[in-house]
Amino acid sequence: MRELVEIRPPAPPQKKTGETALTVENAGAELLFQDSGRRGLTHWGVSPSGYSDREAAREANRLVGNHISATVLESLMGGFSLVAHHDTVLAVTGARIDLTISGADLNQPLAAKLNQVFALRTGQKLTASFAHAGLRSYIAVRGGFAIEKVAESCSTDTLASLGPEPLAKGSELVLADDVELSVSSPSVPLPIPQVGKTVNVRVIPGPRDDWFTEAGQAAFYETNWRVTTESNRIGVRLEAEDDNAPVIERKLSHELPSEGMISGSIQVPPSGQPVVFMTDHPVTGGYPVIATVHPEDLRIFAQSQPGTLIKFTKLFPDSGVPLA
Amino acid sequence: MNLDVLTFNRYGLRNVLIDCGSLENALSIHARLATVEVAGAIELIPAAQTVLIRFASQKYCRRFLKNPLSVLESGAPATPTKVNTDAERVIEVLYDGEDLAEVAELAGLSQEAVIAQHTSMEYRVAFAGFAPGFFYLHSEDRTLDVPRRTNPRTKVPAGSVGLAGEFSGIYPRTSPGGWQLIGRTADPLWDIHQDPPALLAPG
């Protein structure tokens with residue numbers, strides 16, 4: 001007997017832009033527009049902003065056939081729900097959340113998968129659970145969002161309150177027509193750190209590692225650090241897992257004159273609790289940076305729930321090989 | 001511009017932090033880098049005593065670090081940093097800040113003298129920093145140099161005029177801050193709907 005193969009009809013063409021495509025019924029802890037951010041505006045003190053987990057955001061865009069730098073929704077800890085007013089094509093990446101599609105036209109709710117394109121048809125609702133693991137989810141809609149750029153980007157900068165307002169219950173989302181390619185086949189979700197497990201993060205030492213003693217620097221690399229709740233898009237604050245861990249001892253005790261900062265800079269303030277700068281970081285800072293996170297590992301901090309353990313590995317910048 | 005005092009620090013994979021020794025030198029170096037157009041440089045961030053160069057890739061970063069002085073020495077001979085005297089802004093300040101008495105004590109002056117001193121000084125916008133519209137204002141006169149507060153405030157009202165070290169600054173919006181507040185201004189420092197959005201600019 002031959003197998004019965006069900007061929008799904010292709011999704012009907014999306015309506016033209018200008019109309020509300022989706023409404024936010026629940027925004028969860030935080031739901032923001034983000035794109036690739038702002039560049040070249042540091043002379044006005046404007047932070048780079050943009051996706052916290054750039055790789056997951058790009059993957060969501062790639063799946064739906066958008067330009068990889070298109071505007072997406074960035075959700076903190078899941079718990080969001082969206083209702084479609086006409087047929088839409090979505091993909092969700094990042095934190096491990098359960099996605100459910102419900103609607104009057106369905107006999108029972110459907111499960112949607114991460115890293116896989118799915119349709120959300122007129123009248124259907126997409127509900128996300130809270131994140132079991134990871135912190136940030138990226139929701140890309142085919143065509144992108146039709147919102148005005150502010151200072152050349154659609155990103156919400158949470159430090160400066162620049163860009164679109166955070167989304168809330170009742171927010172209406174209008175789609176654009178900016179399609180690059182056809183949708184892509186499902187992909188493997190990017191790794192997500194687990195609470196209580198230790199993740200190795202590669203860092204390049206400096207530029208102010210010489211502000212710390214040898215013992216202080218050793219303490220930075222040997223300590224098991226724990227992500228605290230004092231973390232957001234601006235920075236992730238770490239504390240030693242062991243209360244008796246040695247201090248990151250300073251060699252120079254005077255104040256550091258303010259200097260330029262980058263995403264991934266790890267500042268050590270007098271408290272001794274390192275802060276890892278994320279994309280909404282201030283353009284200049286006054287505490288010495290002992291090391292900088294490798295750009296490919298920055299997403300670990302974008303996805304670490306409080307309680308995740310971090311161990312830093314020193315990387316020699318031009319070899320890609322970890323130092324002893 | 002003094003090239004002899006410069007040290008170059010690798011910053012992450014593809015950035016270089018140049019120690020310039022002073023604000024004057026940092027601004028000169030920044031001006032020179034902006035003119036010569038360093039290969040692969042995508043952003044220049046001047047600050048109190050440094051210039052940060054962000055490069056598009058590791059390759060450009062390494063190339064620059066092989067011979068950084070040659071890049072700086074190339075091009076036209078160094079001109080001293082010009083003061084753009086056409087761009088002078090007068091900012092009206094009401095001197096009723098919470099830390100005015102403290103500043104007076106630290107500076108060894110009466111409160112009236114502090115106000116007179118602050119209004120008589122000419123400030124140059126040195127660089128931007130910690131928020132859109134927040135500029136570090138610098139004056140040659142050192143009379144009002146005071147340290148930051150030991151306990152920063154969690155909320156500094158928008159428009160507050162503050163002092164820290166050799167700089168004055170105006171908080172464009174309500175934010176945390178550790179500077180000594182001596183007054184406030186109603187002048188809008190940052191409005192995204194204006195072009196340009198910032199009231200002040202470096203220089």
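Residues numbered from 1 in each chain as written. Chains lettered and ligands numbered in written order. Predicted model: local features only at pLDDT ≥ 70, side-chain atom pairs only at ≥ 80, totals over all residues. Heavy atoms only, no water.

> I'd like a description of the overall build of chain A, backed by residues and values.
Scanning chain A from N- to C-terminus turns up 3 helices and 20 strands. Seen along its three principal axes, the alpha-carbon backbone of chain A occupies a region of about 70 × 50 × 35 Å. Residues classed as buried in chain A amount to 52% of the 324 residues present. Excluding contacts between residues fewer than 6 apart, the proportion of contacts in chain A whose partners are at least 24 apart in sequence is 78%. On chain A, roughly 14,500 Å² of surface is accessible, and the fraction owed to carbon and sulfur atoms is 52%. Here chain A contributes 28 positive and 37 negative side-chain charges, whose respective centroids are spaced 5 Å apart. (Helix = DSSP H or I, 4+ residues; strand = E, 2+ residues; numbered from the N terminus. Buried < 20%, exposed > 50% of the residue type's maximum accessible area, 1.4 Å probe, protein only. Contact = heavy atoms within 4.5 Å. Areas by Shrake-Rupley, 256 points an atom, 1.4 Å probe, with all protein chains shown as cover. Lys, Arg positive; Asp, Glu negative; His and termini not counted. Charge placed at Lys NZ, Arg CZ, Asp CG, Glu CD.)

> Quick rundown of the packing of helix α4 (residues 100-107) of chain B against helix α5 (residues 111-120) of chain B? Include the residues and the values.
All names here are of chain B. One way to put it is that α4 packs onto α5 with a least axis distance of 9 Å and a crossing angle of 85°. By the criterion of interaxial angle, the relationship of α4 to α5 is roughly perpendicular. From α4, Leu100, Ala101, Val103 and Ala104 reach across to α5, where they touch Gln111, Val114 and Ile115. Considered class by class, the residues forming the contact of α4 with α5 number 6 nonpolar, 1 polar and no charged. (Axes fitted to C-alpha atoms, helices over the stretch in contact; angles between N-to-C directions. Parallel < 35°, antiparallel > 145°, perpendicular 65-115°, else oblique. Nonpolar A, V, L, I, M, F, W, Y, C, P; charged D, E, K, R; others polar.)

> Please provide a residue-by-residue account of the interface of chain B and chain A, values included.
Listed by partner, the interface residues are 37 residues for chain B and 34 residues for chain A. For the pairing of chain B and chain A, the buried interface totals around 2,900 Å² over both sides, and the portion due to carbon and sulfur atoms is 58%. The partner of Arg208 of chain A in a salt bridge is Asp19 of chain B, and the shortest N-O contact between them spans 2.8 Å. In this assembly, chain B and chain A are joined by 6 residue pairs in polar contact (both at pLDDT 80 or more). Element by element, the count of residues in the side of chain B that touches chain A is highest for strand β3 (residues 41-46) of chain B, at 4 residues. Along the lines of polarity and charge, the residues of the side of chain B that touches chain A split into 21 nonpolar, 8 polar and 8 charged. (Buried area = accessible area lost by both parts, 1.4 Å probe. Salt bridge = Lys/Arg side-chain N within 4 Å of Asp/Glu carboxyl O. Polar contact = N/O pair within 3.5 Å; in protein donor to acceptor, adjacent residues only side chain to side chain.)

> A description of unusual backbone geometry should follow, citing residues and the corresponding values.
Residues and elements named next belong to chain A. Cis geometry marks the peptide bond from Gly206 to Pro207, where omega comes out at 5°. Its location among the elements puts Pro207 in the loop between β12 (198-205) and α2 (214-222). In this model, Met77 sits at a positive phi of 70°, which is unusual for a non-glycine residue. Within the fold, Met77 resides in the loop between β3 (72-76) and β4 (81-84). By relative accessible area, which is 24% here, Met77 ends up partly exposed.

> An account of the environment of Leu181 of chain A is needed here, citing residue identities and associated values.
All names here are of chain A. With respect to the helices and strands, the residue Leu181 is situated in the loop between β11 (172-174) and β12. You can call Leu181 exposed: its relative accessible area is 62%. In the structure, Leu181 is positioned 29 residues away from Asp210 in sequence and 49 Å away in space, judged by C-alpha atoms. Discounting residues that sit within four places of it in the chain, Leu181 has contacts with Val64, Gly65 and Arg142.

> Please set out the pattern of salt bridges residue by residue, giving values where relevant.
Taken as a whole and judged by the stated rule, the model has 16 salt bridges over all chains. The shortest N-O distance in the salt bridge between Arg54 of chain A and Glu55 of chain A comes to 3.6 Å. Relative accessible area serves as the criterion here: at 33%, Arg54 of chain A is assigned to the partly exposed category. The class of Glu55 of chain A is partly exposed, set by a relative accessible area of 24%. In this structure, Arg184 of chain B and Asp96 of chain B form a salt bridge, with 2.6 Å as the shortest nitrogen-oxygen distance. Of the two residues, Arg184 of chain B is situated in strand β11 (residues 180-184) and Asp96 of chain B in the loop between α3 (68-73) and α4; the sequence distance between them amounts to 88 residues.

> Break down the sheet that holds β4 of chain A for me, citing the residues and quoting the values.
Residues and elements named next belong to chain A. Sheet architecture is open: 6 strands sit in the order β7-β6-β9-β4-β1-β11, paired in antiparallel fashion. Edge positions in the sheet fall to β7 (110-112) and β11, since each of these pairs with one other strand and no more. Neighbour to neighbour, the strand axes of the sheet diverge by 25° on average, direction disregarded. With 3 bridges joining them, strand β1 (residues 20-26) and β11 adopt antiparallel strand pairing. By the bridge assignment for β11, Leu22 is matched with Leu173. (Pairing = 2+ DSSP bridges.)

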